[in-house]
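# Understanding the architecture of this molecule
So the chains spell out like this:
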Amino acid sequence: MSPLAAEAKPTLAVVGATGAVGSVMLDLLTTRPDVWGEIRLVASPRSTGRRLSVRHTEVEVQALAPEVFAGVDVAMFDVPDEVSAQWAPVAASYGAVVVDNSGAFRMDDDVPLVVPEVNPEAARHRPRGIISNPNCTTLTLVVALGALHRRFGLESLVVASYQAASGAGQAGIDTLYDQTAKVAGARDVGVRPGDLRRVVGDDLGPFPAPLALNVVPWAGSLKEAGWSSEELKVRNESRKILGLPDLRVSATCVRVPVVTTHSLVVHAVFSRPVPAIEAQAVLRGAPGVVLLDDPKAGEFPTPADAVGTDPTWVGRVRQSLDDPRALELFLCGDNLRKGAALNTAQIAELVAAELTAG
């Protein structure tokens, strides 16, 4: 795509503007620096004609169709994989640079997978006109681990995620609230086998077991050898973003009764000894990271404190007792903000700056 005229601002399309992530995106577009000219809001035909506020202006939602991409410079997609797979190439064929939040293109060799704090340069090489946004769990992880890798040389990761209900969409949120209402005030629930299932009933929503008063060691779909799709995303996407195709990664993904904000416990091994104080210094200066690490004062990240904020929050930084090259960390990140909308917006802003630079 040719650079824009110096006085012009690029035209942006937001595809999936009426969804949960889309609503966060509209808030970000309103509160972040104004780098856009026209903003078009696009959704499925059933949302056509709705008016949504963006940058303090009411904008009418248009139905997803090829012609909505005419004259669009950047298109941000937050729609299911199958919708992105069909429509992102259409937008690109109209000359738009697509920033896609789905999993449709993440592992394609000719589609960059970008986290602006870690590998912003990758956004410039986009043979198909598409840039992918990583999975929300991976994003929370790599913002912090990318900074540590640059200093100490990452060799392996063991990760346990504690993923919020909102990672399963609005159905996940609704299910958690509904189940919580059923068990509220029942002091005898959860003390005998089967009593939680009896109270919650058969409507488990998108989860294979009750989530209220429980944890569920499963997120995603079943893949080969008992691994889940979420676990493989953490492995494969981390390798691609960090440029470490042989990085050893093992992940176990767990759903927890939290509405929004994913947490992770990380065991990271590096190429040389890493004293905790050195790691803390790196994290303290890393873009997109907030270090909150004073266990003596009871200060460390929790999902309830990190929700609605942009950074990856890091605490409980410890040098391993058994390996001086290993660190133990606890991370929190809002899966609807940095984990989806914010990273997409940041990638789009990189493209906007590139288009207006020339």
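For the structure, check the block above.
Parameters and conventions
- Residues numbered from 1 in each chain as written.
- Predicted model: local features only at pLDDT ≥ 70, side-chain atom pairs only at ≥ 80, totals over all residues.
- Heavy atoms only, no water.
- Core = buried A, V, L, I, M, F, W, Y, C linked by side-chain atoms within 4.5 Å.
- Buried < 20%, exposed > 50% of the residue type's maximum accessible area, 1.4 Å probe, protein only.
- Helix = DSSP H or I, 4+ residues; strand = E, 2+ residues; numbered from the N terminus.
- Contact = heavy atoms within 4.5 Å.
- Pairing = 2+ DSSP bridges.
- Right-handed = clockwise from strand over helix to strand, strands pointing away.
- Axes fitted to C-alpha atoms, helices over the stretch in contact; angles between N-to-C directions.
- Expected span 1.5 Å × (residues − 1).
- Parallel < 35°, antiparallel > 145°, perpendicular 65-115°, else oblique.
- Left-handed = near helix turned anticlockwise from the far one by under 90°.
- Nonpolar A, V, L, I, M, F, W, Y, C, P; charged D, E, K, R; others polar.
- Patch = residues over 30% accessible without salt bridge, like charges linked within 9 Å, V, L, I, M, F, W, Y side chains within 5 Å.
- Areas by Shrake-Rupley, 256 points an atom, 1.4 Å probe, with all protein chains shown as cover.
- Salt bridge = Lys/Arg side-chain N within 4 Å of Asp/Glu carboxyl O.
- Lys, Arg positive; Asp, Glu negative; His and termini not counted.
- Charge placed at Lys NZ, Arg CZ, Asp CG, Glu CD.
- Phe/Tyr/Trp six-rings, centres within 6.5 Å; stacked < 30°, edge-to-face > 60°.

Let us now look at the nonpolar core. Ranked by size, the top nonpolar core spans 41 residues in total, and within it Leu145, Leu148 and Leu157 carry the most contacts. In terms of residue count, helix 3 (residues 136–152) provides more of this core than any other element does, nine residues in total. Ignoring any residue separated from it by four or fewer positions in sequence, one finds Leu157 in contact with Leu141, Leu145, Leu247, Arg248, Val249, Ser250, Val266, His267 and Ala268. Core analysis: the next-biggest nonpolar cluster, separate from the first, contains 34 residues, Ala43, Leu52, Val61 and Leu336 among them.

What follows concerns the pairing of strand 5 (residues 74–77). A two-sided burial pattern is seen for strand 5, the buried positions comprising Val74 and Met76 on one face and Ala75 and Phe77 on the other. Note that strand 1 (residues 12–15) and strand 5 share four bridges and pair parallel. Among the inter-strand pairings, Val14 is bridged to a residue of strand 5, identified as Met76. In this structure, strand 5 lies alongside strand 6 (residues 97–100), joined through four bridges in parallel fashion. If you follow Met76 over to strand 6, its bridge partner there is Val99. Assessed by its sense of winding, the connection that carries the chain from strand 5 through helix 2 (residues 81–93) to strand 6 is right-handed.

This next bit is on the sheet that holds strand 4 (residues 57–63). The seven strands lie next to each other as 3-4-2-1-5-6-7, forming an open sheet whose pairing is mixed. What marks the edges here is a single partner per strand, and that holds for strand 3 (51–54) and strand 7 (130–132). Averaged over all neighbouring strand pairs, the angle between strand axes comes to 30°, with direction disregarded. Two strands pair when backbone bridges link them, and strand 1 and strand 2 (residues 39–43) are joined in this way by four bridges, in the parallel orientation. Directly across from Val14, in strand 2, lies its bridge partner Leu41. Its contacts with the sheet put helix 1 (residues 20–31) on strand 1, strand 2, strand 3 and strand 5, and the angle it makes with strand 3 is roughly 40°.

So, on to helix 1. Between its terminal C-alpha atoms helix 1 stretches 17 Å, which fits the 16 Å expected from 12 residues at 1.5 Å a residue. Of the positions making up helix 1, those classed as buried are Val21, Gly22, Val24, Met25, Leu26, Leu28 and Leu29. In the core, the buried residues of helix 1 are packed alongside strand 1, strand 2, strand 3, strand 5 and helix 9 (337–357).

Two numbers describe a pair of packed helices, the interaxial angle and the distance between the axes. Where helix 1 meets helix 9, the axes come as close as 9 Å, and the angle between the chain directions of the two elements is 50°. The angle between helix 1 and helix 9 places the two elements in the oblique class. Here helix 1 runs over helix 9; the crossing is right-handed. Residue-level inspection shows Val21, Val24, Met25, Asp27 and Leu28 of helix 1 in contact with helix 9, the latter providing Arg337, Ala340, Ala341, Leu342, Thr344 and Ala345. When grouped by side-chain class, the residues that make up the contact of helix 1 with helix 9 number eight nonpolar, one polar and two charged.

Attention now moves to a negative patch on the surface. Judged by side-chain charge, Asp174, Asp178, Asp202 and Asp203 come together as a negatively charged surface patch. Its location among the elements puts Asp203 in the loop between helix 5 (195–200) and helix 6 (229–242).

The next thing to look at is the packing of helix 3 against helix 7 (residues 276–284). Packing of helix 3 against helix 7 leaves a shortest axis separation of 9 Å and a crossing angle of 120°. Taken together, the axes of helix 3 and helix 7 are oblique relative to one another. Pair helix 3 / helix 7 crosses with right-handed handedness. Along its contact with helix 3, which presents Ala144, Ala147, Leu148, Arg151 and Phe152, the element helix 7 presents Glu278, Ala279, Val282 and Leu283. Considered class by class, the residues forming the contact of helix 3 with helix 7 number seven nonpolar, no polar and two charged.

Scanning the model with the defined rule gives two aromatic pairs in all. Look at Phe69 and Phe77: their rings are 6.0 Å apart centre to centre, the planes differ by 10°, and that puts the pair in the stacked class. Owing to a relative accessible area of 1%, Phe77 belongs among the buried residues under this scheme. Where Phe152 meets Phe270, the ring centres are 5.9 Å apart and the plane angle is 75°; that geometry is what we call edge-to-face. Linking Phe152 in helix 3 with Phe270 in strand 10 (residues 262–270), this pair joins segments that are 118 residues apart in sequence. A relative accessible area of 0% means that Phe270 is categorised as buried.

This part covers the sheet that holds strand 9 (residues 248–255). The strand order across the open sheet built from six strands is 9-8-10-13-12-11, with neighbouring strands paired in mixed fashion. One side of each edge strand has no neighbouring strand; the edge strands of this open sheet are strand 9 and strand 11 (289–291). Recorded for the sheet is a direction-independent mean angle of 25° between the axes of neighbouring strands. Judged from the three bridges that link them, strand 11 and strand 12 (residues 312–319) form a sheet pairing that is parallel. Across the sheet, residue Val290 finds its bridge partner in strand 12, namely Trp313. In the packing of helix 3 onto the sheet, the strands contacted are strand 8 (154–163), strand 10, strand 11, strand 12 and strand 13 (326–333), and the crossing angle to strand 10 comes to about 30°. The strands that helix 7 touches are strand 11, strand 12 and strand 13; relative to strand 12, the one it contacts most, it runs at about 165°.

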